[in-house]
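Listed below, chain by chain, are the residues.
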Amino acid sequence: AVDIDLRLVRAWVMAIGDHNAEALEIAQGVLRDPAMSQQRRFVAGRTAFSAAAYGDRLGLIQPILADWLMSRPDLSTSIEDPVQAMAYANGLAFIALHAGDTQRVRQLIGQMPSNVDKDSLRLPVAHRLTIVGLSHLWDADASRAEAALRPALIKAERVAGRRGMVASMYATVVAAALLER
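A short tour of the structure in this document, coming up.

Analysis parameters
Residues numbered from 1 in each chain as written. Predicted model: local features only at pLDDT ≥ 70, side-chain atom pairs only at ≥ 80, totals over all residues. Heavy atoms only, no water. Helix = DSSP H or I, 4+ residues; strand = E, 2+ residues; numbered from the N terminus. Buried < 20%, exposed > 50% of the residue type's maximum accessible area, 1.4 Å probe, protein only. Contact = heavy atoms within 4.5 Å. Axes fitted to C-alpha atoms, helices over the stretch in contact; angles between N-to-C directions. Parallel < 35°, antiparallel > 145°, perpendicular 65-115°, else oblique. Nonpolar A, V, L, I, M, F, W, Y, C, P; charged D, E, K, R; others polar. Expected span 1.5 Å × (residues − 1). Bend = angle between axes of the 7 residues up to and from the residue. Phe/Tyr/Trp six-rings, centres within 6.5 Å; stacked < 30°, edge-to-face > 60°. Lys NZ or Arg CZ within 6 Å of the ring centre and 35° of its normal. Salt bridge = Lys/Arg side-chain N within 4 Å of Asp/Glu carboxyl O.

## Description of the overall build of the protein
The number of helices and strands found in the protein is nine helices and zero strands. Helices and strands in the protein line up, N terminus first, as α-α-α-α-α-α-α-α-α. Looking at the protein as a whole, 43% of its 181 residues qualify as buried. Considering only residue pairs separated by 6 or more positions, the protein has 57% of its internal contacts joining residues 24 or more positions apart.

Here it is as structure tokens:
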């Protein structure tokens, strides 16, 4: 059991880096095992989704998300780990965004706790803000997208530099907003 948990932690670390293919393989192995606990399937699904997205294997995302949602069918279900709770809500918001339901995106994002330790949740918070910005772009409201992300972009550049992961996430949406205006 501990070995599986360590493998999942290792895969999660590799998912958004150069070893995303290996992370995806580890996570999919856990997902294929019917004896896995719901908690491990949840972590494996999140890891597989991230690895597939980072590795530009977009065709895998929908089936991974469908399986992931089966392991946690209701947002009101208690998810104790704040990272997992935010990752789950972000995943649901991402699905809503791709369905064009931008109101649902903002509703889901609004349900997430705002009084979290943002340093320990830097990436889930960054994904949350990025999804919000994308929802405004989807609604053809470039000004609102820029307003939602520009202050966060400035802060992210100050904290981790212009080429930091979070700053890059924000910058892409801000650039798209400026292009649209």
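Having put the structure on the table, let's press on.
## Looking at the packing of helix α7 (residues 122–138) against helix α9 (residues 165–180)
The N-to-C vectors of α7 and α9 enclose an angle of 10 degrees; their axes lie 9 Å apart at closest approach. Regarding the angle of α7 to α9, the classification is roughly parallel. Contacts between α7 and α9 pair R122, L123, V125, A126, H127, L129, T130, G133, L134 and L137 from the former with M165, V166, M169, Y170, V173, A176, A177 and E180 from the latter. For the contact of α7 with α9, a count of residues per class yields 13 nonpolar, three polar and two charged.

## Things to note about helix α8 (residues 142–160)
For α8, built from 19 residues, the straight-helix expectation of 27 Å at 1.5 Å per residue is met to within 8% by its first-to-last C-alpha distance of 25 Å. At L149, α8 shows its largest bend, some 35 degrees, and a proline, P151, comes one to four positions later. Considered for burial, the residues of α8 that qualify are A142, A145, E146, L149, A152, L153 and A156. Each element contacted by the buried residues of α8 is listed here: α7 and α9. Downstream of α8 by one or two residues, G161 has phi in the positive range, about 90 degrees.

## What about the packing of aromatic side chains?
Overall, the coordinates contain one aromatic pair when judged by the stated rule. Positioned above the aromatic ring of W12, the side-chain terminus of R46 is 4.1 Å from the ring centre.

## Looking at unusual backbone geometry
Of note, D56 is a non-glycine position whose phi angle comes to about 55 degrees, a positive value. Mapped onto the elements of the fold, D56 is located in the loop between α3 (38–54) and α4 (61–71). Positive phi outside glycine occurs at A140, with the angle close to 60 degrees. With respect to the helices and strands, the residue A140 is situated in the loop between α7 and α8.

## What to know about the pattern of salt bridges
Per the counting criterion, the structure on display carries six salt bridges. R162 is paired through a salt bridge with E157; the nearest N and O atoms lie 3.5 Å apart. For R162, a relative accessible area of 65% gives the class exposed. Each of E146, R150 and R181 takes part in a single network of salt bridges with overlapping partners.

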